[in-house]
Amino acid sequence: MQKLFKFLKPYAGAVLAIFCVLMLQAYCDLTLPAYTSDIVNVGIQQKGIDEKIPFVLSEEDFLQLLLFVPSGRQETVKEAYEVSSGPSEPYMYEKNNEGNIMALKESVQEDEEKMEELSELLGKPMLLCVGSASGNGAAMEIEKQMEEQFSAMPEIEKQMEEQFSAMPETMVEQSAAVYIQNVYEKIGVDTDRIETGYILWTGLKMLALAAAGMIASIIVGLLASRVGARVGRGLRKDVFRKVVGFSNGEFDKFSTASLITRSTNDIQQIQLLTVMILRMVLYAPILAAGGIFKVFRTNADMSWIIALAVGMIVMVVVVLFAVVMPKFKVVQNMVDRLNLVSREILTGLAVIRAFSTEKYEEKRFDAANKDLTRTNLFVNRAMTFMMPFMMLIMNGIAVLIVWVGGHSINDGSMQVGDMMAFIQYTMQIIMSFLMICMISVMLPRAAVSADRVDEILTSSTLIHDAENPVHFGENGKGEVRFEHVSFRYPGAEEDVLHDISFTAKPGETTALIGSTGSGKSTLVNLIPRFYDVTEGKITIDGIDIRTTTQQELRERLGYVPQKGVLFSGDIESNILYGNPKGSEEEMQEAARIAQAADFIEEKQKKYKSPIAQGGSNVSGGQKQRLSIARAVAKHPDVYIFDDSFSALDYKTDVKLRAALKEKTNESTVLIVAQRISTILHAEQIIVLDDGKVAGMGTHRELLKNCEEYYQIASSQLSERELEHDMKEVG
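Reference entry: report on the structure contained in this document. (Residues numbered from 1 in each chain as written. Predicted model: local features only at pLDDT ≥ 70, side-chain atom pairs only at ≥ 80, totals over all residues. Heavy atoms only, no water.)

## A look at the overall build of the chain
1) Next: What the chain contains, in helices and strands, is 29 helices and 15 strands.
2) Next: Classification of the 730 residues of the chain by burial places 46% in the buried group.
3) Next: A total accessible area of about 37400 Å² is found for the chain, and carbon and sulfur atoms account for 55% of it. (Helix = DSSP H or I, 4+ residues; strand = E, 2+ residues; numbered from the N terminus. Buried < 20%, exposed > 50% of the residue type's maximum accessible area, 1.4 Å probe, protein only. Areas by Shrake-Rupley, 256 points an atom, 1.4 Å probe, with all protein chains shown as cover.)

## What about the nonpolar core?
1) Next: Formed by 75 residues in total, the largest nonpolar core has its most connected members in Val231, Ile270, Ile397, Ile401 and Ile430.
2) Next: Looking at this core element by element, the count peaks at 16 residues for helix α18 (residues 416-457).
3) Next: Not counting residues up to four positions away in its chain, the partners in contact with isoleucine 401 are Met302, Ile305, Gly406, Met419, Phe422, Ile423 and Thr426.
4) Next: Counting 46 residues, the second-largest nonpolar core is a separate cluster that includes Phe645, Leu656, Ala713 and Leu717. (Core = buried A, V, L, I, M, F, W, Y, C linked by side-chain atoms within 4.5 Å. Contact = heavy atoms within 4.5 Å.)

## Some remarks on the packing of aromatic side chains
1) Next: Considering all chains together, one arrives at eight aromatic pairs under this definition.
2) Next: Summarising the aromatic geometry, the rings of phenylalanine 62 and tyrosine 81 are spaced 5.2 Å apart at their centres and angled 55° between planes, so their arrangement reads as tilted. One end of the pair, phenylalanine 62, is in helix α3 (residues 59-67); the other, tyrosine 81, is in strand β2 (residues 81-83), with 19 residues separating them in the sequence.
3) Next: Judged by centre distance (5.0 Å) and plane angle (80°), the rings of phenylalanine 487 and tyrosine 489 are edge-to-face.
4) Next: Three or more aromatic residues joined by ring pairs make a cluster, and in this case those are Phe487, Tyr489 and Tyr531.
5) Next: Positioned above the aromatic ring of phenylalanine 472 is the side chain of arginine 556, whose terminal nitrogen or guanidinium carbon lies 4.6 Å from the ring centre. (Phe/Tyr/Trp six-rings, centres within 6.5 Å; stacked < 30°, edge-to-face > 60°. Lys NZ or Arg CZ within 6 Å of the ring centre and 35° of its normal.)

## As for a negative patch on the surface
1) Next: A cluster of acidic side chains, namely Glu493, Glu494, Asp689, Asp690, Glu707 and Glu708, defines a negative patch on the protein surface.
2) Next: Counting through the fold element by element, glutamate 494 comes out in the loop between β4 (480-487) and β5 (497-504).
3) Next: Assessed through its relative accessible area of 63%, glutamate 494 is described here as exposed. (Patch = residues over 30% accessible without salt bridge, like charges linked within 9 Å, V, L, I, M, F, W, Y side chains within 5 Å. Salt bridge = Lys/Arg side-chain N within 4 Å of Asp/Glu carboxyl O. Lys, Arg positive; Asp, Glu negative; His and termini not counted. Charge placed at Lys NZ, Arg CZ, Asp CG, Glu CD.)

## Details of helix α22 (residues 584-593)
1) Next: Along α22, the residues that are buried comprise Met587, Ala590, Ala591 and Ile593. Summarising the axial view, the buried residues of α22 lie within an arc of 165°, below the 170-degree limit, and thus occupy one face.
2) Next: Looking at the packing, one finds that the buried side of α22 touches α21 (571-575), α23 (597-601), α24 (620-633) and α25 (650-663). (Arc of directions from axis to C-beta.)

## Observations concerning the sheet that holds strand β13 (residues 668-672)
1) Next: Strand order in the open sheet made by the six strands is β9-β12-β13-β6-β14-β15, with mixed pairing throughout. Because the sheet does not close on itself, it has two edges, and the strands there are β9 (557-560) and β15 (692-697). Strand after strand, the sheet turns through a mean of 15° between neighbouring axes, direction not considered.
2) Next: The strands that helix α28 (residues 707-716) touches are β6 (509-514), β14 (684-689) and β15; relative to β14, the one it contacts most, it runs at about 100°. (Pairing = 2+ DSSP bridges. Axes fitted to C-alpha atoms, helices over the stretch in contact; angles between N-to-C directions.)

## Comments concerning the pattern of salt bridges
Side-chain pairing between opposite charges can occur once the charged atoms of the two side chains come close.
1) Next: Across all of its chains, the model carries 18 salt bridges by this definition.
2) Next: Here arginine 546 ties to aspartate 544 by a salt bridge, and the two come within 3.1 Å at their closest N and O atoms.
3) Next: Classification of arginine 546 by relative accessible area gives partly exposed; the value is 30%.
4) Next: Here arginine 556 and aspartate 637 are joined by a salt bridge, their closest N and O atoms 2.6 Å apart. Note that arginine 556 is positioned in the loop between α20 (550-555) and β9 and aspartate 637 in the loop between α24 and β12 (638-642), a separation of 81 residues in sequence.
5) Next: Given a relative accessible area of 9%, arginine 556 falls into the buried group.
6) Next: A relative accessible area of 23% means that aspartate 637 is categorised as partly exposed.
7) Next: Taken together, the shared-partner salt bridges connect Glu60, Asp61 and Lys186 into one network.

Any link to function would need more than the numbers given here.
In structure tokens form, the structure reads like this:
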């Protein structure tokens, strides 16, 4: 999780905005159950009368109510009411001649403290009046005693307190509502109109809250999706930038298949979970905390049910995590394995068909596929137990609330609407934990993916630019010097190059030849800093290549790899790949030098002819010539040809080297070759044997002085050619 939040850190502002909108959404969702409770308790059961004391009542009812008010507090009640001057909204009573109408003063209505005081003062008297009207025995008995023993008021008050002490508070509130409804109806107030108005107004507020919650949910979804997409885009960009900067040593550590999986599947997992975190995980604790707060305000006596539900949910999640968590890392490694097998089969399809090993490769792929499927099935089957358990817990809790709440309603300590609200709040709390549990299915796998992506981003690259880089001069010619260079692959025990020293001068061709595995390609790969030397140094125009930037170094090089690599696009984009601002004349000149102009001109679209992925729609020789043209079009100071003429026929090879000689008469040229014919006319030939310099000189000099070179030459040249060259040496 820490890695996931690390990836979210750059988008802290958007996350804060989402949090604020989620607070609004949670407020809307948590307020709706309270309005539902009000509709049931007040709108239906209390006829829409939500006041705790009557705002208007007849003088007769007022005097009767005063009868049950303690003598020392009656004056407070009298001061709160006055004779009404006429009906007002919403209490449109009918006038009659039976007496005055008493109305609560407006100043009292606006004073919350006085209203609360009157509510406490008149609550129990209103209960007695209701009991008297409905035939309640206890209330009638108290009233009778008061009428008979009015002078003994202190004793009567004491009896009243004893009667009320055993009654729940909700019974007093409900009785007050019934009393107010009775006195309103007695003076002709249209209580049906009040009821309808209350329900409609509360319903409109609920609709407004639902609409606000919906809009908030849409906004959160939009913002979360945008943040998730940006996280994915940023990670892909960072991973790509990091991988592009990898040296060959890092590519040896991370396989290509693994890098592809990390750049696609792993980042997709992170992106998906980011959206879920912002949309659900962030919302769940807000909703749960708000729900718990509302529950304690509704009925704290039933809060133990919430604790029971949460404890059961946590227990289920912990057990499932303990079983499933170790498998998620295995799944990602198996995805790597499947990608590796798939890539090997697809790239080596021609070889597979040539050797008729399709059945073997099918079995190999099937084994990797079955391993991944088997592990995925185990994980998914384990996780499928989560939802049934959660639904069982949720429905069981709902039944428990109804059972406990039913007893509370029967005892008068709870109203029906409060129980309905309690059920809704409880379901919201449980749903909050369910949301987290749903994310928990994805969380372990995404956490593993985050670790794998972070492993790339935090990996130390072996090749670094100098902190204070040295810049090449404008008059440099590209002289390459190896000074006692030794090299060992990272993690290897022995050097593959030993004490190599030579100078490749501008205007000359320096060739490298030797048996397979002698270190030729490794040596030229040190010049662009695909690897760094272990000992010694390489300089260009006297500047150590490690003291300049990689970009500035490589801008001076024209590199043609051993295997020609083309990019999807067209011929023009491939030739001008290293010189995107090059002119058409430069492009055509490079194609002519590389002996590629003939086959390009034969194509219908010529230089606009498409190149398929990997150059699969051109031959090996054409691919190699286009790779050479790409290096020529760059106009570098140093040309590096890593066995780049191997796919060319002898005639094309001769023409290309002749044209190249003219083009590179002021540049340094290094050629790695297997064929003697390619390097016969090189000014300097370096013979490598087991990573050491076995000989250095021209073709004829090496025939005389270097046994290794003579052995190579004798295996490739005819006896006549060999004798002719030996005579000229002699």
